[in-house]
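Structure assessment
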Amino acid sequence: MMSKKTAVVTLCCIIIFSFGTSSVLGQKKEIDLKDKRLTIKMELQPLGVVFKYLIENYDIPIGFEESTLDRGHPDFNFYANLPGQPQHSTQTPDGSVKVTFKYVGRVFKAGQHPITLNVENESLKEVFNQIVEQMENYKWKIKDGVVNIFPVKARDERFARLLGMNVRRFTFDKGKTVEDITTNILALPEVEKVLKDNKLIFSGIRYGTATLVLDAQYGRTINVGMDFSNLTFRALLNKITRIKGGGWILKWKWKSKSSSWETIDIDI
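Every chain's residues receive numbers from 1 upward, in the order its sequence appears when written. Local features are withheld for residues below a pLDDT of 70 in this predicted model, meaning they are given only at 70 or higher, and side-chain atom pairs are given and counted only at 80 or more; totals for whole chains, interfaces and linings count all residues. Just so you know, side-chain values use all the structure's heavy atoms and leave hydrogens and water out.

1. Observations regarding the environment of Lys-153
- Relative to the elements of secondary structure, Lys-153 occurs in the loop between strand E7 (146-151) and helix H4 (157-164).
- When its relative accessible area of 48% is taken as the criterion, Lys-153 is described as partly exposed.
- For Lys-153 and Leu-69, which are 84 residues apart along the polypeptide, the C-alpha to C-alpha distance reads 7.8 Å.
- Two residues qualify as a contact provided that any one of their heavy atoms is within 4.5 Å of a heavy atom in the partner residue. Setting aside anything within four residues of it in sequence, one finds Lys-153 in contact with Ser-67, Leu-69 and Asn-137. Going along the chain from the N terminus, every DSSP run of H or I of four or more residues is numbered as a helix, and every run of E of two or more is numbered as a strand. Three labels apply to residues, based on accessible area from a 1.4 Å probe with only protein chains included: buried if under 20% of the type maximum, exposed if over 50%, partly exposed otherwise in between.

2. Some remarks on the side chain of Asp-70
- Tracing the sequence through the fold places Asp-70 in the loop between strand E2 (62-65) and strand E3 (87-91).
- Neither His nor the chain ends contribute to the count of charged residues, in which Lys and Arg are positive and Asp and Glu negative. Whenever a carboxyl oxygen of Asp or Glu lies within 4 Å of a side-chain nitrogen of Lys or Arg, that contact is scored as a salt bridge. The side chain of Asp-70 sits in the buried core without any salt bridge; Arg-71 is the nearest counter-charge, 9.7 Å away.
- The term polar contact refers here to a pair of N or O atoms within 3.5 Å; inside protein, the definition further demands a hydrogen-donor-capable atom paired with an acceptor-capable atom, and it admits residues adjacent in sequence only when both atoms are side-chain atoms. Here the side chain of Asp-70 touches Tyr-138 through a polar contact of 2.5 Å, side chain to side chain.

3. Overview of the confidence of the model for the protein chain
- As a per-residue quantity, pLDDT reports the predictor's confidence and falls between 0 and 100. Model confidence for the protein chain is summarised by a mean pLDDT of 86, while 79% of its residues fall at 70 or above.
- Taken as a whole, residues 7-28 scores under 50 in pLDDT and shows two contacts with residues more than four places along the chain or in a different chain.

4. A word on the pattern of salt bridges
- This model, assessed by the stated rule, comprises 13 salt bridges.
- Where Glu-65 meets Arg-155, a salt bridge forms, and the shortest distance between an N and an O atom there is 2.6 Å. With a gap of 90 residues between them, Glu-65 in strand E2 and Arg-155 in the loop between E7 and H4 connect regions that are remote in the sequence.
- Given the relative accessible area of 0%, Glu-65 is considered buried.
- Between Asp-156 and Arg-71 there is a salt bridge, and its shortest N-O distance comes to 2.8 Å. Of the two residues, Asp-156 is situated in the loop between E7 and H4 and Arg-71 in the loop between E2 and E3; the sequence distance between them amounts to 85 residues.

Below, the structure written as structure tokens:
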């Protein structure tokens, strides 16, 4: 016959097990990216507006590699980091009048590639098939949990080398900012070598008149540390994006008339 003490211990174990099981079952299961269902209705909108909606409402991370056919036009610009709604307040010396300025950030332009979508509870695959078809020159696939859009026409071979190179190790300290991610990328010897060998310049400096927007985008603190080893640069960008949210963009910016070196941007 079970003793009173044994019975009490057994009952406690059952209660603890039951509580633990119910807690696990009660947790909200994260939906795999490919299984997400999307509703989006937009007509002739810039890609930046479409991607902002998908990132903001469905937490879809997006990576974009630009084709050489799309250099120099704004059709495929989007926020790699959402700016939120930064604002600045000021008042008169006597405090009688207070004025608040709100900054909405950049205005995207559709150019020759306006995007139209009218989907209700459709698969992510169907939505991005429609988007990329309207972009031209591109295909897409999910890599490392990130939607990667890449050129199938006129791919820049230097971008291919950069994204395909092996990174021995990348580290990032918890509590640093989004801007520090770029600083750490620039410090990678592999990045430095590929840029130099291909006469490419990437400074990592962000310019803009709306300083508050830039601060809201790149001054945000990341409360997760990172330590990745032996992976391609594309995989690194994807893994970083999964943690910070938003997206990454690799594109050409300009070429100096007095030099053979060209400036690119790695926006992450």
